[in-house]
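Below are the chains, spelled out letter by letter.
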Amino acid sequence: MTDKRKPPAARWQKGQSGNPAGRKKGSINVATRLRRMIDVEALITRLHEAALKGNTRAAELLLDRALPSLRPVAEAIELPGLEDAATLTAKAERIVELAANGSVSPDIATALLSAIGTLAKATEIDELTRRIEALEAPHAPTE
């Protein structure tokens, strides 16, 4: 396999611009040029007029841009017995029990179990970090 990189003399030098003269004064990129060409107010006015005349696609475009989409939000719920669970495993088991008996909806239970899994991973990383630091402490160079 051949080395496809340029020879060292042909590569850019660190700190050296590929275009020392820079961009021409007053030049603009394509996106900026397009934004300047579009008369936004006229477009919105025409969409508004079309929507008022019954054009549902125009109404949809206006509403999609003007109002954010509503996202479902779960209400806060009480999870009886969860506060008595001492470990993350016990908490997960309690959530599964609550979902099995219908006290918690399956989607809420799934979200809670996912959160417990993420917490367990973070706890594991913290514990491993603590153990590594404890193992390395006696071998650390003293100044």
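Thresholds, definitions, all that
Residues numbered from 1 in each chain as written. Predicted model: local features only at pLDDT ≥ 70, side-chain atom pairs only at ≥ 80, totals over all residues. Heavy atoms only, no water. Axes fitted to C-alpha atoms, helices over the stretch in contact; angles between N-to-C directions. Helix = DSSP H or I, 4+ residues; strand = E, 2+ residues; numbered from the N terminus. Parallel < 35°, antiparallel > 145°, perpendicular 65-115°, else oblique. Left-handed = near helix turned anticlockwise from the far one by under 90°. Contact = heavy atoms within 4.5 Å. Polar contact = N/O pair within 3.5 Å; in protein donor to acceptor, adjacent residues only side chain to side chain. Salt bridge = Lys/Arg side-chain N within 4 Å of Asp/Glu carboxyl O. Buried < 20%, exposed > 50% of the residue type's maximum accessible area, 1.4 Å probe, protein only. Core = buried A, V, L, I, M, F, W, Y, C linked by side-chain atoms within 4.5 Å. Patch = residues over 30% accessible without salt bridge, like charges linked within 9 Å, V, L, I, M, F, W, Y side chains within 5 Å. Areas by Shrake-Rupley, 256 points an atom, 1.4 Å probe, with all protein chains shown as cover. Expected span 1.5 Å × (residues − 1).

Enquirer: Tell me about the packing of helix α2 (residues 40-52) against helix α3 (residues 56-66), and name the residues and values.
Expert: Look at α2 against α3: their axes get within 7 Å of each other, and the N-to-C directions meet at 130°. As far as their axial angle goes, α3 and α2 are oblique. In this structure, the crossing between α2 and α3 has a hand that is left-handed. Seen from α2, the contacting residues are Ile 44, Leu 47, His 48, Ala 50 and Ala 51; seen from α3, they are Ala 58, Ala 59, Leu 61 and Leu 62.

Enquirer: Which residues make up the environment of Asn 55, and what values do they have?
Expert: As for its placement among the helices and strands, Asn 55 is situated in the loop between α2 and α3. In terms of polar contacts, Asn 55 uses its side chain to reach the backbone amide nitrogen of Ala 58, at 3.0 Å.

Enquirer: Before we move on, can you summarise the pattern of salt bridges with the specific residues and values?
Expert: In total, this model carries four salt bridges according to the counting rule given. With a closest N to O distance of 2.5 Å, Glu 127 and Arg 130 form a salt bridge. One end of the pair, Glu 127, and the other, Arg 130, are both in helix α5 (residues 106-136), three residues apart, so they sit about a helical turn from each other. Since its relative accessible area comes to 28%, Glu 127 is described here as partly exposed. Close ionic contact of Glu 127 with Arg 131 constitutes a salt bridge, the shortest N to O distance being 3.0 Å. You can see Glu 127 and its partner Arg 131 sitting in helix α5, four residues apart, about one turn around the helix. Several salt bridges share partner residues, and in doing so they unite Glu 127, Arg 130 and Arg 131 into one network.

Enquirer: Account for the environment of Arg 23, naming residues and giving values.
Expert: For Arg 23, the location among the structural elements is in the segment before α1 (30-37). Measuring from C-alpha to C-alpha, the distance between Arg 23 and Arg 33 comes to 15 Å, with 10 residues separating the pair along the chain.

Enquirer: For the nonpolar core, give the residues involved together with the corresponding values.
Expert: The biggest cluster of nonpolar side chains holds eight residues, and these are Leu 79, Leu 82, Ala 92, Ile 95, Leu 98, Val 104, Ala 109 and Ile 116. Sorting elements by how many residues they give to this core places helix α4 (residues 88-100) first, with three residues. Not counting chain neighbours up to four residues away, the residues in contact with Ile 95 comprise Leu 82, Ala 109, Leu 112, Leu 113 and Ile 116.

Enquirer: Summarise a nonpolar patch on the surface; cite the residues concerned and give the values.
Expert: A cluster of nonpolar side chains, Val 30, Leu 34, Met 37, Ile 38, Val 40, Leu 43 and Ile 44, forms an exposed patch at the surface whose accessible area comes to about 680 Å². Of all elements in the fold, only α1 and α2 reach the threshold of two or more residues within the nonpolar patch. Residue position: Ile 38 is located in the loop between α1 and α2. The partly exposed category is assigned to Ile 38, whose relative accessible area is 45%.

Enquirer: Talk me through α2; I want residue IDs and the actual numbers.
Expert: Think of an α-helix as 3.6 residues a turn; residues three or four steps apart then line up on the same face. For α2, with 13 residues, the first-to-last C-alpha span of 18 Å sits near the 18 Å given by 1.5 Å per residue. Just downstream of α2 lies Gly 54, where phi reads positive at about 105°.

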